[in-house]
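Coordinate inspection notes
The primary structure of each chain is shown beneath.
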Amino acid sequence: MARIIYVNGRYTPWAEAAVHAEDRGFQFGDAIYEVCEVRDGHMIDEARHMQRLERSLGELKIASPMSRSALARVMRETIRRNRVTNGSVYLQVSRGTRPRDFLFSYATDMTPTIVCLARSLSRSKSEAGAAVGIGVRSMPDMRWGRCDIKTVMLLPASLAKEAAKEIGAKEAWLVDADGFVTEGASSNAWIIDKNGHLITRAVGNDLLCGITRTTLIDLIRRQGLELVERPFTIAEAKAAREAFTTSATAIVMPVVRIDDVPIGNGAPGLLTSKLRGEFHSVAEVSRS
Ligand code: PDD
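Residues numbered from 1 in each chain as written. Predicted model: local features only at pLDDT ≥ 70, side-chain atom pairs only at ≥ 80, totals over all residues. Heavy atoms only, no water.

Here the protein chain is partitioned into domain 1 (4-121) and domain 2 (127-281). Each of domain 1 and domain 2 has a C-alpha centre, and the two are 26 Å apart. Taken together, the contact pairs 24 residues of domain 1 with 20 residues of domain 2. For the domain 1 and domain 2 pair, buried surface summed over both sides reaches about 1,800 Å², with 59% attributable to carbon and sulfur atoms. Interface area lost by domain 1 to domain 2 is led by Y33, R48 and R52, which between them contribute 36%. Our count for the contact surface shared by domain 1 and domain 2 stands at 3 salt bridges. Two residues, D218 and R48, come together in a salt bridge whose shortest N-O distance is 3.0 Å. Here domain 1 is connected to domain 2 by 11 residue pairs in polar contact (both at pLDDT 80 or more). Among the secondary structure elements, those contributing two or more residues to the side of domain 1 that touches domain 2 are α1 (24-28), β3 (31-39), α2 (46-59) and β5 (87-94). Each residue belonging to the side of domain 1 that touches domain 2 can be placed in one class, and the counts come to 10 nonpolar, 6 polar and 8 charged. (Domains from an automatic or database assignment. Contact = heavy atoms within 4.5 Å. Buried area = accessible area lost by both parts, 1.4 Å probe. Salt bridge = Lys/Arg side-chain N within 4 Å of Asp/Glu carboxyl O. Polar contact = N/O pair within 3.5 Å; in protein donor to acceptor, adjacent residues only side chain to side chain. Helix = DSSP H or I, 4+ residues; strand = E, 2+ residues; numbered from the N terminus. Nonpolar A, V, L, I, M, F, W, Y, C, P; charged D, E, K, R; others polar.)

Quick look at the structure:
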């Protein structure tokens, strides 16, 4: 089936889906995005994703291109047209198109560019991957100072993942100048210590407030588990009982190796796997 991509009001075949060469998203990375899980045909945690999208737009002073419900309709229609049952939906909004200029505030009539695409991901493949877990590679965090905004400036993340792949790892854990893990290249980073405490860095300008992270915290609280929001080092992570990442595409993904050190007995942790199994009992499912 041909993939369909939404671009500025039109649902177009993949090969024809295009934005202007002077789109600010292309020239300046002046665009934000969201990725939302699709499960059994429904968006997961839609309200939280839309809230974060609006926050990202607000922080960059990009005019909201349409109402939250209209954007959600575009996402639903993109999912439908691509017949995605399980997978993800991606929504990107750039500031718009203008002859190249660092300045933009004078261009009050600029119309944001909206792109939406949806992708299938086999549920059984994801589960098989989670049953094995992933390796991560630690490396310096070279990103800018506003990683709380979900911008498309993903080159450092892309390079970090390529470097991780070189040692057979699926994710990179980024380390700040003080030696603490900020987050993964495209996920939040967690460890579980020997007391069963779940540890993840508190949100701030240096990492993304992951929606999966937020919903997992709901689950952790509901279960009466101990959550500690504080930074941790790679050395601490390597000595942890369990480790995992969270993201809309990988949900709760066990980390079984950091650099060349196995975590625990080198297999996915029991609590991690339990949390993964129960995640969707607390996540919001969009019914419309
Ligand atoms: N990435 N941190 C970073 C840097 C991310 O890029 C992501 C998500 C997360 C987790 O956020 P959430 O739980 O809301 O997905 C944390 C998405 C999946 C991506 O870029 O494809």
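Having seen it, we continue.
Quick look at the site of the ligand now. In the vicinity of the ligand, 20 residues are found, and the nearest of them are Y33, E183, I211, T212 and A248. Within the backbone of S186, a nitrogen or oxygen atom sits 3.4 Å from a nitrogen atom of the ligand. Measuring from an oxygen atom of the ligand, one finds a backbone N or O atom of I211 at 2.8 Å. In the complex, the protein chains occlude 89% of the 470 Å² of accessible area that the ligand would expose alone. If you list the elements that add at least two residues to the shell around the ligand, you get β3, α2, β9 (181-184), α6 (211-222) and β13 (242-247). In terms of residue class, the shell around the ligand is made up of 6 nonpolar, 10 polar and 4 charged. For the shell around the ligand, the domains that each give at least three residues are domain 1 (4-121) and domain 2 (127-281). (Near = heavy atom within 4 Å. Areas by Shrake-Rupley, 256 points an atom, 1.4 Å probe, with all protein chains shown as cover.)

Right, let's talk about the nonpolar core for a bit. Ranked by internal contacts, the top residues of the largest apolar core, which has 22 residues, are I32, L53, M75, I79, V89, L91 and C116. Contributions of two or more residues to this core are made by β3, α2, α3 (68-81), β5 and β6 (113-120). When residues in this core are grouped by element, the largest group, 4 residues, is from α3. Discounting chain neighbours no more than four positions away, the residues touching I79 are V38, G41, M43, V84, V89 and A118. (Core = buried A, V, L, I, M, F, W, Y, C linked by side-chain atoms within 4.5 Å. Buried < 20%, exposed > 50% of the residue type's maximum accessible area, 1.4 Å probe, protein only.)

It is worth spelling out α3 at this point. The first and last C-alpha atoms of α3 sit 20 Å apart over 14 residues, in line with the 20 Å expected at 1.5 Å per residue. Restricting attention to buried positions, one finds in α3 the residues A70, L71, A72, V74, M75, T78 and I79. Trailing α3 by a residue or two, R83 shows a phi angle of about 50°, which is positive. (Expected span 1.5 Å × (residues − 1).)

We now examine the pattern of salt bridges. Per the stated rule, a full pass over the model turns up 24 salt bridges. Across the salt bridge formed by E236 and R230, the nearest N and O atoms sit 2.6 Å from each other. A relative accessible area of 28% means that R230 is categorised as partly exposed. Residues joined in a network through salt bridges with shared partners are R55, E59, R146 and D148.

Time to look at the pairing of strand β7 (residues 134-140). Sheet topology places β7 next to strand β14 (residues 251-258); 3 bridges connect them, and they run parallel. Across the sheet, residue I134 finds its bridge partner in β14, namely V255. For the crossover that starts at β7, traverses helix α5 (residues 155-166) and ends in the parallel strand β8 (residues 171-175), the hand is right-handed. (Pairing = 2+ DSSP bridges. Right-handed = clockwise from strand over helix to strand, strands pointing away.)

Okay, the side chain of R24 next. Within the secondary structure, R24 is located in helix α1. The class of R24 is buried, set by a relative accessible area of 5%. Those residues in contact with R24 that lie beyond four places of it in its chain are G29, D30, R95, G96, D101, F102, L103, F104 and M110.

What follows deals with α5. With 12 residues, α5 should cover 16 Å at 1.5 Å per step; its first-to-last C-alpha distance of 17 Å lies within 8% of that length. Within α5, burial applies to A157, A160, A163 and A164. Considered in projection along α5, the buried side chains sweep an arc of 125° and stay on one side of the axis. Exposed residues pointing more than 90 degrees away from the buried face of α5 are listed as L155, L159, K165 and E166. Check the buried side of α5 and you find it contacts β7 and β8. Within two residues after α5, G168 carries a phi angle of roughly 80°, on the positive side. (Arc of directions from axis to C-beta.)

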